[in-house]
Amino acid sequence: MLKIINLHAGINGTNILNGVNLNVRAGEVHAIMGPNGSGKSTLAQVLAGRETYEVTEGKALYEGQDLLSMDPEDRAREGIFLAFQYPIEIPGVSNTYFLKAALNAIRKHKGLEPLDAVEFLALVKEKMKVLQIDQSLLNRPVNEGFSGGEKKRNEIFQMAVLDPKLALLDETDSGLDIDALRIVADGVNRLRSKENAIVVVTHYQRLLNYIVPDYVHVLIDGRIAKSGGKELALELEDRGYDWVAEEAQKVQTPV
Amino acid sequence: MVTYKDTVDWYLSAFEGFENGLNGQTGSELHRVRRRAIERFVEIGFPTTREEEWRFTNVAPIAEQQFTPVLTLSDDSIGHSVIEPFTLAGLKCVRLVFINGHFSKRLSSLSAAPKGLKVGSLAGAIRTDPDLIGRHLAHYADYTDNAFAALNTAFMLDGAFVYVRGGKDVELPIHLIFISSDHDNRFVSHPRNLVIAEESARVSIVESYVGLAANEYLTNAVTEIVLGEKAVVEHDQLQIEGPSGYHIGTLHVVQQRKSIFTSNSISLGGALVRNNVKTVLAAEDSECTLNGLSLATSEQLIDNHTTIDHTKPGCRSHELYKAVLDGKSRGVFNGRIYVRKGAQKTDAKQTNKTLLLSPDATMDSKPQLEIFADDVKCTHGAAIGQLDEEQVFYLRSRGLGEDEARDILTYAFASDIINRIHVEALRKELDRVLLKRLQEGRLKARE
């Protein structure tokens, strides 16, 4: 579904991604871990189409299409969803209005009829329960006055409503307590299917106890230094990231 | 080349003609007030951009042309169907309709007026309520430094008269619709409105200024509102003058103890618009809220000058003015807050926010706080900028197109003010107009 080939990207002349290669197939959950500054968030945002980052080299193919030449809204309409690390507040625009407009934009792209207010509410009611989103939250402006946990739950709620093919979760666990973490993870797990794929960007192993990945990749200095199964995450928790960096260096500098 | 002085002379001779047509009324106190006003107008003349109060607003399009004052009603060509679109979807109200500044009984609807409310034409009230008129008319809107208010006072003939008896809660809003319709020559109308709310009275007034005339014209309006102790008045003004219309409005409010005044001023039309709003908190513990929204495009100029005068202690004022400027339009905001000596425990807040949608739109914003008491809370803030790109990206990342995302954010910015209006029918109409303008691309964010 997603093929990233030698991706280089940076901001204001500083290189952040230095040749990322990644292959994600439908039905898979990939975890991207790494120390601070390794480029994890940048990777997720570049895939979503954040224009502040400049792609300097490489390709990304999504369902065979050239992803990097697509506008952010077209990526979303083709089924890509980014759960923001720092969700944006939008005063004056209610959650309902925003989500319904987004859903209908995506439905239109798929050739489906738009949902009216009643149909929309019926659709979201059940998903609200799962993520413990109160009805009153729906009418409030997007993320305004929301606690950190509420913002993250709102991201996953949007994901549940928009039903993406490829979900990119950017440090969704940061700032969450155990209870909120469980709710968010539960919400994500319910969406897992053979047709979609999820890329979980995280610093800590903890989230991966709940959202169990098929593959774990370690990003160091903008490059995937090591890949493995879910045990790799546990090893990282035990030993930290340094040994991965050393191992990678040894490979690069032949004796 | 017509100079400002030429035009002043023109109005002076128009006044003489007006006087001659008054048939014996020239001896009245009211006419003495008019004479003093025209004298002052001749003395000060039209403001130039060398004056601080008019630094950003050049009135040459008005001052270099001769507009003929409309002295009578001519509504023969106006049918109910013409007025209907401006009646706010059949708002249940007491409705007064004015054509070029003159009351049209035929187009108005006063039957729902409850007891305790006197409402009708000012010209009528001058005849039937001379005592009230004598005590209040032209006692508040000071024209010493306001040439346009002086001109209006000189030519004042008609407008709306609203009197609410003490203790009366007028539940139905009073809708005043001022229509500027095509006339033979370039004309000026001088609507003069007087609203008196006695002690503990409650009333809502909506003023709509509608320009049907396609040619150039001038609306030079003055509204005076007096609030007695504990009175509560909401005043909403919707200005949709024609594309070649000029609108100068003066609103002067005086508040007594514990009264509450709210004004929502929405400016959508006109080539050159200047709104002067002055509220005087004349007694302790009173409160005023001034909200404004201007939507301008092409080459419109919309200037809002407000003054809030805290003359006594313990009063609260709150001001929020927003503008959305597109095309080559220009916005001006000057918010003066005057806290007099002795006006302790004043709580005044002023905020001005402008959204620029095009690189050619400009905004000049100036807070003007003159504080002479030392135990007060006065804050002011101004922000002029473009749409937040983070917000735009967030919306796009959910599938909303770039244009749609920008429209939604522009809508949210403007509806902040619209949502503060209590008259639901007016809120809905403004919502509709805003959405329509966004859809038509008349308020489009351009990179």
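Along each chain, the written sequence defines residue order, and numbers are assigned to residues from 1. Here the convention is simple: chains get letters from A, ligands get numbers from 1, in the order in which they are written. Local features in this predicted model are restricted to residues of pLDDT 70 or higher, and side-chain atom pairs are both shown and tallied only at a pLDDT of 80 or more, whereas totals for entire chains, interfaces and linings draw on every residue.

Peer 1: A description of the overall build of chain A should follow, citing residues and the corresponding values.
Peer 2: Across its full length, chain A carries ten helices and twelve strands. In terms of C-alpha radius of gyration, chain A reaches 18 Å, essentially the compact-globule figure of 18 Å for 255 residues. When the backbone C-alpha atoms are referred to their principal axes, chain A occupies close to 70 × 40 × 35 Å. Per-residue burial over chain A gives 42% buried out of 255 residues. In chain A, the proportion of contacts linking residues at least 24 apart, taken out of those at least 6 apart, comes to 71%. Going along the chain from the N terminus, every DSSP run of H or I of four or more residues is numbered as a helix, and every run of E of two or more is numbered as a strand. Our radius of gyration looks at C-alpha atoms and nothing else; its globule reference is 2.2 Å times the residue count to the power 0.38. Exposed residues have 12 or fewer other C-beta atoms within 10 Å of their own C-beta, buried residues have 20 or more, and residues in between are partly exposed; the C-beta atoms are placed from the backbone. Whether two residues are in contact depends on their C-beta atoms, placed from the backbone: they are in contact if these lie within 7 Å.

Peer 1: Lay out the sheet that holds strand S21 (residues 377-385) of chain B in plain terms, naming residues and giving numbers.
Peer 2: Residues and elements named next belong to chain B. Only when DSSP finds a minimum of two bridges between them are two strands counted as paired. An order of S3-S2-S6-S9-S11-S13-S15-S17-S19-S21 is seen for the ten strands of this open sheet, with the pairing classed as mixed. If you trace the sheet from one side to the other, it starts and ends with strand S3 (102-103) and S21, each paired once. Pairing of strand S9 (residues 202-211) with strand S11 (residues 232-240) involves nine bridges; the strand directions are parallel. The residue bridging Val-210 from the neighbouring strand is Ile-240, located in S11. Note on method: axes are straight lines fitted to C-alpha atoms, helices fitted across the in-contact stretch only, with angles between N-to-C directions ranging 0 to 180 degrees. On the sheet, helix H9 (residues 402-418) packs against strand S13 (260-267), strand S15 (287-296), strand S17 (316-325) and strand S19 (347-356) and is oriented at approximately 145 degrees with respect to S17.

Peer 1: Go over helix H9 (residues 230-239) of chain A, please, and point to the residues and values.
Peer 2: Residue and element names in this part refer to chain A. Of all the residues in H9, the buried ones are Leu-232, Ala-233 and Leu-236. The arc enclosing the buried residues of H9, seen along the axis, measures out at 105 degrees, which places them on a common side. More than 90 degrees from the buried face of H9, the exposed residues found are Glu-231 and Asp-238. As for H9, its buried residues are in contact with strand S3 (29-33), helix H8 (207-210), strand S11 (215-220) and strand S12 (223-228). Residue Gly-240 follows H9 closely and has a positive phi angle near 85 degrees. Relevant arc is that of directions from the helix axis to the C-beta atoms, nothing else.

Peer 1: Describe the confidence of the model for chain B, naming the residues involved and giving the relevant values.
Peer 2: Model confidence for chain B is summarised by a mean pLDDT of 94, while 99% of its residues fall at 70 or above. The ipTM, which scores confidence in the relative placement of chains, is 0.95 for this predicted complex, and the corresponding pTM is 0.90. A residue's pLDDT is the confidence the predictor assigns to it, expressed on a 0 to 100 scale.

Peer 1: Quick one: what's the story with the packing of helix H4 (residues 117-130) of chain A against helix H6 (residues 148-162) of chain A, residue by residue and with numbers?
Peer 2: All names here are of chain A. Orientation of H4 relative to H6, taken along the N-to-C sense of each, is 140 degrees, at an axis distance of 10 Å. Put simply, H4 runs oblique to H6. Regarding H4 and H6, the two cross each other, and that crossing is right-handed. Where H4 abuts H6, its residues Leu-123, Val-124, Lys-127 and Met-128 lie against Phe-157, Ala-160 and Val-161. Residues are sorted three ways: Asp, Glu, Lys and Arg are charged, Ala, Val, Leu, Ile, Met, Phe, Trp, Tyr, Cys and Pro are nonpolar, and all the rest, Gly among them, are polar. Grouping the constituent residues of the contact of H4 with H6 by class yields six nonpolar, no polar and one charged. Our angle categories are set so that under 35 degrees counts as roughly parallel, over 145 as roughly antiparallel, 65 to 115 as roughly perpendicular, and the remainder as oblique. Less than a right angle of anticlockwise turn of the near helix away from the far helix marks a crossing as left-handed, whereas a clockwise turn marks it as right-handed.

Peer 1: Go over the interface of chain A and chain B with me, naming the residues and quoting the values.
Peer 2: Taken together, the contact between chain A and chain B spans 19 residues of the former and 16 residues of the latter. Among the residues forming the side of chain A that touches chain B, the class breakdown is 13 nonpolar, three polar and three charged.

Peer 1: Can you break down the nonpolar core residue by residue, with the values?
Peer 2: Joining buried Ala, Val, Leu, Ile, Met, Phe, Trp, Tyr and Cys residues through C-beta atoms within 7 Å gives a set, and that set is a nonpolar core. Ranked by size, the top nonpolar core spans 195 residues in total, and within it A:Phe81, A:Ala83, A:Leu168, A:Val200, B:Val162, B:Ala197 and B:Ala414 carry the most contacts. When residues in this core are grouped by element, the largest group, eight residues, is from H9(B). Apart from the residues lying within four places of it in its own chain, the contact partners of B:Val162 are B:Val119, B:Ile174, B:Val195, B:Ile196 and B:Ile205.

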